[in-house]
Amino acid sequence: MTVEAFAPAKINLTLHVTGQRDDGYHLLDSLVVFADIGDRLELTPGPELLLTVSGEHADGVPADSRNLVWKAAQAVGWTGHIHLNKVLPHGAGIGGGSSDAAATLWALAGQGEDIPKQLPVSLGADVPVCVTARATRMRGIGDEITPTSLPHLPAVLVNPGISVPTGSVFSALAWRNNPPMPDDIPEFETAADCAYWLRDQRNDLETPAMGVAREIEFVLDELRFIEAPLLARMSGSGSTFFLLYPSMATAHSVAEALSAAHPDWWCRATQLN
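I will try to describe carefully the structure that is included in this document. (Residues numbered from 1 in each chain as written. Predicted model: local features only at pLDDT ≥ 70, side-chain atom pairs only at ≥ 80, totals over all residues. Heavy atoms only, no water.)

**Observations regarding the overall build of the protein chain**
Counting its secondary structure elements, the protein chain contains nine helices and 11 strands. In terms of C-alpha radius of gyration, the protein chain reaches 18 Å, essentially the compact-globule figure of 19 Å for 273 residues. Dimensions of the protein chain along its principal axes, counting C-alpha atoms only, are 55 × 45 × 35 Å. Residues counted as buried form 53% of the 273 residues belonging to the protein chain. (Helix = DSSP H or I, 4+ residues; strand = E, 2+ residues; numbered from the N terminus. Rg over C-alpha atoms; globule rule 2.2 N^0.38 Å. Buried < 20%, exposed > 50% of the residue type's maximum accessible area, 1.4 Å probe, protein only.)

As structure tokens, then:
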């Protein structure tokens with residue numbers, strides 16, 4: 001029987017780099033939410049493991065053991081055909097591969113497969129939070145996750161197609177022992193309340209990403225003046241940006257305007273959380 005799964009885009013509303021372990025892993029404190037757009041998977045049991053990829057952003061996505069979807073299925077011992085419809089840009093800082101792997105684990109767990117507790121984190125630092133697929137505070141190396149309550153956040157996601165290697169961004173980070181977020185995250189009544197609080201938080205990778213790819217600064221400057229967003233910030237290590245607005249009507253209007261002005265950019269209105 002074929003099983004379908006949804007792999008939503010992961011957005012880091014904040015990303016505070018708070019330290020680095022002796023083994024090289026960075027310590028983070030991040031507020032993570034998920035979009036209502038994402039990749040889709042179909043899993044059909046069979047005698048051999050096979051992965052096919054289609055969709056808007058299928059080019060360049062491996063369909064073999066390099067793909068986290070393949071690794072997830074193989075680690076569980078499942079065989080069959082997995083078809084991945086790639087809606088999200090890959091290498092865009094929105095957890096596409098990690099969310100795909102998490103959706104695979106969810107689908108297989110729903111079919112009665114035993115998922116080892118440590119499997120998600122062994123696949124990647126972002127996989128555990130993607131398994132939750134809800135608003136979450138993520139700390140440590142991504143293994144300490146605490147669900148939190150946030151209002152729905154109307155947003156526009158923008159990826160201008162700038163290549164920003166994650167390793168290079170972390171290497172360009174001038175200081176790794178930065179302050180974490182406050183101990184307690186407030187209860188927000190509206191998207192505006194949440195956005196105003198987020199303004200006092202950070203993405204510590206935004207500045208080093210600009211050093212790796214100067215175009216990021218130009219894109220962010222433009223986005224901050226588009227319909228006066230409540231907040232405009234880079235997600236993760238880039239190069240996807242999110243803009244928060246008080247309503248979905250405004251978000252759709254901005255996405256349409258950006259797509260018309262920059263047809264080579266990936267622009268989508270979405271609701272986060």
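**Notes on the packing of helix α1 (residues 68–76) against helix α2 (residues 96–110)**
One can describe the packing of α1 onto α2 by two numbers: an axis separation of 8 Å at closest approach and a directional angle of 30°. The angle between α1 and α2 places the two elements in the roughly parallel class. By crossing handedness, the relation of α1 to α2 is classed as right-handed. Each of Leu68, Val69, Ala72, Ala73 and Val76 in α1 lies in contact with α2, whose residues at this interface are Gly97, Ser98, Asp100, Ala101, Thr104, Leu105 and Leu108. Here the contact of α1 with α2 is built from residues that sort into eight nonpolar, three polar and one charged. (Axes fitted to C-alpha atoms, helices over the stretch in contact; angles between N-to-C directions. Parallel < 35°, antiparallel > 145°, perpendicular 65-115°, else oblique. Left-handed = near helix turned anticlockwise from the far one by under 90°. Contact = heavy atoms within 4.5 Å. Nonpolar A, V, L, I, M, F, W, Y, C, P; charged D, E, K, R; others polar.)

**Structural notes on the pattern of salt bridges**
Following the criterion strictly, the structure yields 10 salt bridges and no others. For Glu206, the salt bridge goes to Arg224, with nearest N and O atoms at 3.5 Å. One end of the pair, Glu206, is in helix α7 (residues 206–212); the other, Arg224, is in the loop between α8 (215–223) and β9 (231–234), and 18 residues separate them in sequence. Ionic contacts of the salt-bridge type, sharing partners, join the residues Asp39, Lys86 and Asp100 into one network. (Salt bridge = Lys/Arg side-chain N within 4 Å of Asp/Glu carboxyl O.)

**As for the nonpolar core**
Here is a general trend for soluble globular proteins: nonpolar side chains tend to be buried in one another's company. If you look at the biggest cluster of nonpolar residues, it comprises 31 residues, and the most contacted ones within it are Leu41, Leu43, Trp78, Ile82 and Leu105. Only β1 (3–12), β3 (26–45), α1, β5 (80–85), α2, α3 (119–123) and α4 (127–132) provide two or more residues apiece to this core. Not counting chain neighbours up to four residues away, the residues in contact with Leu41 comprise Val3, Glu4, Ala5, Ala7, Val69, Ile82, His83, Leu84, Asp100, Ala103 and Thr104. (Core = buried A, V, L, I, M, F, W, Y, C linked by side-chain atoms within 4.5 Å.)

**Details of the packing of aromatic side chains**
Using the criterion set out here, one finds one aromatic pair in the structure. Taken together, a centroid distance of 5.6 Å and an interplanar angle of 55° make the contact between Phe188 and Trp197 tilted. Given a relative accessible area of 12%, Phe188 falls into the buried group. Here Trp197 falls in the buried class, since its relative accessible area comes to 14%. (Phe/Tyr/Trp six-rings, centres within 6.5 Å; stacked < 30°, edge-to-face > 60°.)

**Concerning unusual backbone geometry**
Note the cis peptide between Gly238 and Ser239, where omega equals 5°. Structurally, Ser239 is set in the loop between β9 and β10 (241–244). Even without being a glycine, Glu227 presents a positive backbone phi close to 55°. Of the residues examined, Glu227 reaches a relative accessible area of 54% and is grouped as exposed.

**Some remarks on the sheet that holds β10**
In space, the four strands of this open sheet follow the order β9-β10-β8-β11, with antiparallel pairing throughout. If you trace the sheet from one side to the other, it starts and ends with β9 and β11 (266–272), each paired once. Along the sheet, successive strands turn relative to each other by an average axial angle of 20°, direction set aside. When β9 meets β10, the two strands line up antiparallel, connected through four bridges. Bridging across to β10, Arg233 finds its partner in Phe242. (Pairing = 2+ DSSP bridges.)

**A few points about the environment of Ala195**
Along the chain, Ala195 falls in helix α6 (residues 191–198). For the pair Ala195 and Lys86, spaced 109 residues apart in the sequence, the C-alpha separation amounts to 30 Å.

**A word on the pairing of β3**
For β3, the buried fraction is high: 14 of the 20 residues fall into the buried class. One ladder, built from nine bridges, connects β1 with β3; its direction is antiparallel. Bridge pairing in β3 places Asn12 opposite Val32. Note that strand β2 (residues 16–20) and β3 share four bridges and pair antiparallel.

**Focus on the environment of Leu13**
Within the secondary structure, Leu13 sits in the loop between β1 and β2. With a relative accessible area of 0%, Leu13 lands in the buried category. The sequence separation of Leu13 and Lys117 amounts to 104 residues, and the corresponding C-alpha distance is 27 Å. Apart from the residues within four sequence positions on either side, Leu13 is in contact with Leu31, Val33, Leu150, Leu153, Leu198, Arg233, Phe242 and Leu272.

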